[in-house]
Structure formats: C-alpha cells, structure tokens
Amino acid sequence: NVAEIGPTYDKQLYYDLETDSFIRIINRESWDLAFQCLDGEFQVFINSSKLMRVANTLSTNFNQNYSTFGLNWKYDNSGGWLDSTAIGEWGVVNGNQVNSFNHVYVIDRGLAAGTGNNLGYKKMQINGFSNSQYIIRYANLDGTQLQEISFSKDATHNFIFVSFDQGVVSVEPPKTTWDLLFTQYTTLVTQQSTGIIENYSVNGVLLNPYKVVGAREFNKSFNDIVYSDIPGFTFTTQRDIIGYDWKDFDFDLSVYIIFPNRSYIIRDVEGNY
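Cut-offs used in this document
- Residues numbered from 1 in each chain as written.
- Predicted model: local features only at pLDDT ≥ 70, side-chain atom pairs only at ≥ 80, totals over all residues.
- Heavy atoms only, no water.
- Buried < 20%, exposed > 50% of the residue type's maximum accessible area, 1.4 Å probe, protein only.
- Helix = DSSP H or I, 4+ residues; strand = E, 2+ residues; numbered from the N terminus.
- Pairing = 2+ DSSP bridges.
- Core = buried A, V, L, I, M, F, W, Y, C linked by side-chain atoms within 4.5 Å.
- Contact = heavy atoms within 4.5 Å.
- Lys, Arg positive; Asp, Glu negative; His and termini not counted.
- Salt bridge = Lys/Arg side-chain N within 4 Å of Asp/Glu carboxyl O.
- Patch = residues over 30% accessible without salt bridge, like charges linked within 9 Å, V, L, I, M, F, W, Y side chains within 5 Å.
- Areas by Shrake-Rupley, 256 points an atom, 1.4 Å probe, with all protein chains shown as cover.
- Axes fitted to C-alpha atoms, helices over the stretch in contact; angles between N-to-C directions.

A. Highlighting the pairing of strand E14 (residues 180-190). Taking burial as the measure, the 11 residues of E14 include nine buried ones, the bulk of the element. In the sheet, strand E1 (residues 11-16) pairs with E14 via three bridges, with the strands oriented antiparallel. Residue pairing in the sheet places Leu 13 in a bridge with Phe 182 of E14. Here E14 pairs with strand E15 (residues 197-207) via 11 bridges, running antiparallel. Paired with Leu 188 across the strands is Asn 199, a residue of E15. The hairpin formed by E14 and E15 contains six residues between the paired strands, and Gly 195 there has a positive phi angle of roughly 80 degrees.

Given below as structure tokens:
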C-alpha cells in the first residue's frame, strides 16, 4: 500500500493493518487541540503536524490582551507521553472532576501546509471538567472572536478534537478500528551542521495509543523475521517508535534514502502481530 500525505504534507492518514486500508484521511489543518477521553485522564494535546506550540502565561485574567513577546514556548513530546504535554497539568484532579488552575495559555496555531505561513494565535483557558464535560473558552489575543464551549468524553475514541475555527470536529476514527497514523509531526531533531537540538517537522508514522504497541528490529532483514522472534522483542506504547528515522535526505541528490534493514513489529488493536 502507499500512504500519500500529499506534496505539501497536508494529509493525515489513519491506517488499519487488519484490512490493509486507510479508513480515514483528513486535512491536518482541520483541528487544533485533542482532549483525552480515557477515564480518569484529562490531558490536552496540540496538533503537532502543524508545528503548534503553547505558552502558559500563568495569569488567570482571560480578559486582558496578550502578546507573544517573551513567552516560554513548549511543544508536545512526540512519544505521546501523558506527562510531557505542552499544556501540562491544568488543574487538580478530584475523582471525576478537575478543578482548573484557570491559567491562560497563548497558543501558536503553527504553520500552513505548502506556504509555511503562520496560522495565527489564540488565548485559551480550560475552566474545568465537571458533570462529565470539559469547559473551555478561547479568543484572539485581543479578545475578539470569543467562543465558550463544553463537550463530553467519548469512550469509543481516544480524543475529542477541537478546532478554533469550527469548535468540536470529527477527526480520528473510533479507537478500535485503526493502528497507524501517517502524518507530519513535531519532534526533537539534532542539526547535523551545528549540533543544535530543536523542535522540527518530520514525516513519519505514529501508533494508535489504544492497545497498539511496537518494537524495532534493525539487525535482521525483513524476510528473516519470524513469529518465534516475538518473545525477544521489547514492545512499547511510545507513539513514535516507528517515527521518521527509517529514511534520510540526500542533499546532493535531493532524494530520500530508505534504510533497508529497519523493520518494525506491531501488535495491532486486535492483538495480532
């Protein structure tokens, strides 16, 4: 199969190993935030396919005007770890309620596919989770285009997705129906020329955080990997275990070089290897 994310990397493709099919293809600019649906979990992820980033102003005054100057920007960790999100802990969990710190976050919506133009900024405040609903509000930095919305978790999905333009939007398929996400995403990359480590856009593959695990095999060739090898693998829920580094860019030839002996073993959402 071929995963075509488009010449401007503007598509996100949800793939099911069981049926060898892409069950949903969306435009990456269709969403901004993803709110955790898992019972007892309340993390909020940003859309890293757009190189989004977040700064916590530590202020609770939503009504003031905010600027982007002098802020401490953070990015989500590409491994998908719940304790390494850019937004971080936004309140105190008390059973099935969260009492919010009411911090105002300035959110950089990232870059448009193709043009690389900045998609703008919003200020956002999570006002809590109560009566089984997230309550948030967001606006432009000067307070215009204010929206206040609330929405419930959905146990059939990993996340509820919010677009600053459209409100709650349908993005990810039901969590039991897919295994891999082909997408651009943000990760820490070391510049070869300077050694500087920076958050950078890469193209690669992420795991479904629901039940899917992966392992790497870089010593055996693909055809030599057999079922009896499985007990020897260390499987992980790290979302970017496949990631992007199965390829490298040849600047002289302006083409990608694929590393032939990098294989990945996936236990899919159905439990098959």
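B. Examining the nonpolar core more closely. Counting 25 residues, the largest nonpolar core has Leu 33, Ile 87, Trp 90 and Met 124 as the members making the most contacts within it. Secondary structure elements with two or more residues in this core: strand E3 (33-36), strand E4 (44-46), strand E8 (104-108), strand E9 (121-130), strand E10 (133-139), strand E11 (147-152) and strand E12 (159-163). Ignoring any residue separated from it by four or fewer positions in sequence, one finds Leu 33 in contact with Val 44, Phe 45, Ile 46, Met 52, Ile 87, Ile 107, Met 124, Ile 160, Phe 161, Val 162 and Phe 164. Counting residues in hydrophobic clusters, the runner-up holds 15 residues, among them Ala 34, Phe 161, Tyr 185 and Val 189.

C. View of the side chain of Asp 268. Structurally, Asp 268 can be placed in the segment after strand E19 (263-267). The charged side chain of Asp 268 is buried without a salt bridge, its nearest counter-charge being Arg 267 at 7.1 Å. Residues in contact with Asp 268, not counting those within four places in the same chain, are Leu 17, Glu 18, Asp 179, Lys 211 and Val 212.

D. Region of interest: the environment of Lys 247. Turning to its location among the elements, Lys 247 is positioned in strand E17 (residues 247-250). Given a relative accessible area of 13%, Lys 247 falls into the buried group. In sequence terms Lys 247 and Gly 204 are 43 residues apart; their C-alpha atoms lie 9.4 Å from each other. Non-local contacts of Lys 247, meaning those with residues more than four positions away in its chain, are made with Asn 203, Tyr 256, Ile 257, Ile 258 and Phe 259.

E. Focus on a nonpolar patch on the surface. A surface patch of nonpolar side chains, about 290 Å² in accessible area, is lined by Tyr 9, Tyr 256 and Ile 258. Of note, Ile 258 is situated in strand E18 (residues 255-258).

F. Region of interest: the pattern of salt bridges. Scanning the model with the defined rule gives seven salt bridges in all. The shortest N-O distance in the salt bridge between Arg 109 and Asp 32 comes to 3.0 Å. With Arg 109 in the loop between E8 and E9 and Asp 32 in the loop between strand E2 (21-27) and E3, this residue pair connects regions lying 77 residues apart in the sequence. Arg 109 sits in the buried class, given a relative accessible area of 8%. The buried category is assigned to Asp 32, whose relative accessible area is 0%. Across the salt bridge formed by Arg 216 and Asp 245, the nearest N and O atoms sit 3.5 Å from each other. One end of the pair, Arg 216, is in strand E16 (residues 213-217); the other, Asp 245, is in the loop between E16 and E17, with 29 residues separating them in the sequence.

G. How the structure looks around the environment of Asn 96. Topologically, Asn 96 is positioned in the loop between strand E6 (91-94) and strand E7 (97-100). In this structure the C-alpha to C-alpha distance between Asn 96 and Glu 29, which are 67 residues apart in sequence, comes to 31 Å. Sequence-distant contacts of Asn 96, that is, excluding residues within four places in its chain, are made with Asp 39, Phe 42, Phe 129 and Ser 132.

H. View of the sheet that holds E4. Spatially, the four strands line up as an open sheet ordered E4-E3-E12-E13, and their pairing is antiparallel. What marks the edges here is a single partner per strand, and that holds for E4 and strand E13 (167-169). The sheet shows a mean angle of 35 degrees between the axes of neighbouring strands, direction not considered. Where E12 meets E13, three bridges bridge the pair, whose relative direction is antiparallel. Among the inter-strand pairings, Ser 163 is bridged to a residue of E13, identified as Gly 167.

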